[in-house]
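# Fold and contact review
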Amino acid sequence: MEEELIKDISDKEYKSFEDICRRNYDYWEEYDVLTRKFLPVSEILFSNLQKTSFKENDTIDYSPVVIELCRAIENEFLLKIFRKYVKDFISRYSSIDDFNEFYAEDKLSKVRIQIGEYQKSIRELTRSIAGEIRTNIMYADYIPRFTLGDMKFILDKLLIPEVIKNSKLLRDFKNFISQYFIEEQLLNMDYLSKISKLITDYRNPAAHPEFVSFDKAKECKEFLPEQMD
């Protein structure tokens, strides 16, 4: 369906949708090239799904619009924070022996942290990021992969003092963020709660067999720019 909706878009029409994005996103020129492809496609889909040649708006599923919007912010988190950190880490600990020595403290820790209703070990809290680092050390051509949910989970843990105190790896990650980003803007409960809303209210329904209405897609379109910027 997405291919049908965008296949006949001329270069001039595409440019007009790209210009809409330039107006809506303050830091458009700083986004990754792929991000700057996802966002105009979301605008094209949103516009074309409203055309009278389709069914009435209240019966159209706008999931493709939300998917493209969420892919955009996921790409920014992935490239500019998580893959950048993995690369930075490997520049300092380039062998599997170096990594195993560094990670041993987290892997063998007996400390358990209360996360909501459950107690989690340090190893459980660091497993996903440690696994991506380890795999990238072992296979140089491997491209680290994190979902938006994975990344939100890890960033949340950086706000917990007990986690930072007991996890050498997440302490290192937080130091990396402090070095390259404005920590107070990225690592604060209000901002991360908005990313959680993006995942639970918009991304998850769009990615699973749920109906996404015109109003829900419009909400997501209006909600995303501030979170991106």
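Our structure is the block above this text.
What counts and how
Residues numbered from 1 in each chain as written. Predicted model: local features only at pLDDT ≥ 70, side-chain atom pairs only at ≥ 80, totals over all residues. Heavy atoms only, no water. Helix = DSSP H or I, 4+ residues; strand = E, 2+ residues; numbered from the N terminus. Expected span 1.5 Å × (residues − 1). Buried < 20%, exposed > 50% of the residue type's maximum accessible area, 1.4 Å probe, protein only. Arc of directions from axis to C-beta. Contact = heavy atoms within 4.5 Å. Axes fitted to C-alpha atoms, helices over the stretch in contact; angles between N-to-C directions. Parallel < 35°, antiparallel > 145°, perpendicular 65-115°, else oblique. Polar contact = N/O pair within 3.5 Å; in protein donor to acceptor, adjacent residues only side chain to side chain. Salt bridge = Lys/Arg side-chain N within 4 Å of Asp/Glu carboxyl O. Pairing = 2+ DSSP bridges. Phe/Tyr/Trp six-rings, centres within 6.5 Å; stacked < 30°, edge-to-face > 60°. Lys NZ or Arg CZ within 6 Å of the ring centre and 35° of its normal. 1 Å grid on protein atoms, 1.4 Å probe; cavity = no way out; pocket = protein on both sides within 12 Å on 5 of 7 lines; lining within 4 Å. Points joined across faces, edges and corners; volume = space filled by probe spheres on them. Nonpolar A, V, L, I, M, F, W, Y, C, P; charged D, E, K, R; others polar. Core = buried A, V, L, I, M, F, W, Y, C linked by side-chain atoms within 4.5 Å.

## What to know about helix H2 (residues 11-24)
In this model, H2 (14 residues) spans 20 Å end to end at C-alpha, consistent with the 20 Å of a helix rising 1.5 Å per residue. Phe-17, Glu-18 and Cys-21 are the residues of H2 that are buried. The buried residues of H2 occupy an angular sector of 100° when projected down its axis, which confines them to one face. Summarising the geometry of H2, the exposed residues directed more than 90 degrees from the buried face are Lys-12 and Arg-23. Next to the buried residues of H2 lie helix H3 (35-48).

## A look at the packing of helix H7 (residues 148-157) against helix H9 (residues 168-180)
At a closest axis distance of 10 Å, the pairing of H7 and H9 adopts a crossing angle of 95°. If you check the angle between H7 and H9, you find them roughly perpendicular. For the pair H7 and H9, contact is made by Ile-154, Leu-155 and Lys-157 and by Leu-170, Phe-173 and Ile-177, respectively.

## What to know about the environment of Asn-204
The topology assignment puts Asn-204 in helix H11 (residues 189-207). Asn-204 sits 55 residues away from Gly-149 along the chain, and the two C-alpha atoms are 9.5 Å apart. A polar side-chain atom of Asn-204 sits 3.1 Å from a polar atom in the side chain of Arg-203.

## So, the pattern of salt bridges
Taken as a whole and assessed by the stated rule, the structure comprises 18 salt bridges. Here Lys-80 and Glu-76 are joined by a salt bridge, their closest N and O atoms 2.6 Å apart. Pair noted here: Lys-80 and Glu-76 are both in helix H4 (residues 63-92), with a separation of four residues, about one helical turn. Lys-80 gets classed as partly exposed once you look at its relative accessible area, which sits at 30%. Judged by its relative accessible area of 11%, Glu-76 is buried. For the salt bridge of Asp-88 with Arg-92, the shortest nitrogen-to-oxygen distance reads 2.9 Å. Remark: Arg-92 and Asp-88 occur in helix H4; sequence separation between them is four residues, near one turn of the helix. Note on Arg-92: relative accessible area 36%, which makes it partly exposed. One connected set of salt bridges, linked through shared partners, spans Lys-15, Glu-18, Asp-19, Arg-22 and Glu-29.

## Side note on the pairing of strand S2 (residues 118-121)
Summarising the sheet, strand S1 (residues 112-115) and S2 pair through four bridges and their orientation is antiparallel. Paired with Arg-112 across the bridge in S2 is Ser-121. In textbook terms, the turn of a hairpin is the stretch between consecutive antiparallel strands, and for S1 and S2 this stretch comprises two residues, one of which, Gly-116, has a positive phi near 65°.

## Regarding the packing of aromatic side chains
Under the counting rule described, the total for this entry stands at 19 aromatic pairs. Here the aromatic cluster, defined as three or more aromatic residues joined through ring pairs, consists of Phe-82, Tyr-85, Phe-89, Tyr-93, Phe-99, Phe-102, Tyr-103, Phe-146, Phe-173, Phe-176, Tyr-180 and Phe-181. Sitting above the plane of the Phe-223 ring, Lys-197 keeps its charged end 5.8 Å from the centroid. Over the ring of Phe-46 we find Lys-221; its NZ or CZ atom is 5.0 Å from the centre of that ring.

## Some words on the layout of surface pockets
Empty space within the largest pocket amounts to approximately 680 Å³. Residue lining of the largest pocket: 20 residues in total, with Gln-185, Tyr-191, Gln-227, Met-228 and Asp-229 positioned closest to the centre. The set of elements that each furnish at least two residues to the lining of the largest pocket consists of H4, helix H10 (183-186), H11 and helix H12 (214-228). Grouping the amino acids of the lining of the largest pocket by side-chain chemistry returns 11 nonpolar, two polar and seven charged.

## A look at the nonpolar core
Leu-39, Phe-77, Ile-133 and Phe-173 are the most contacted members of the largest nonpolar core, which totals 66 residues. For this core, the element with the highest residue contribution is H4, accounting for 14 residues. When neighbours within four sequence positions are excluded, Phe-77 is seen to be in contact with Phe-82, Leu-148, Met-151, Leu-155, Leu-186, Tyr-191 and Ile-195.

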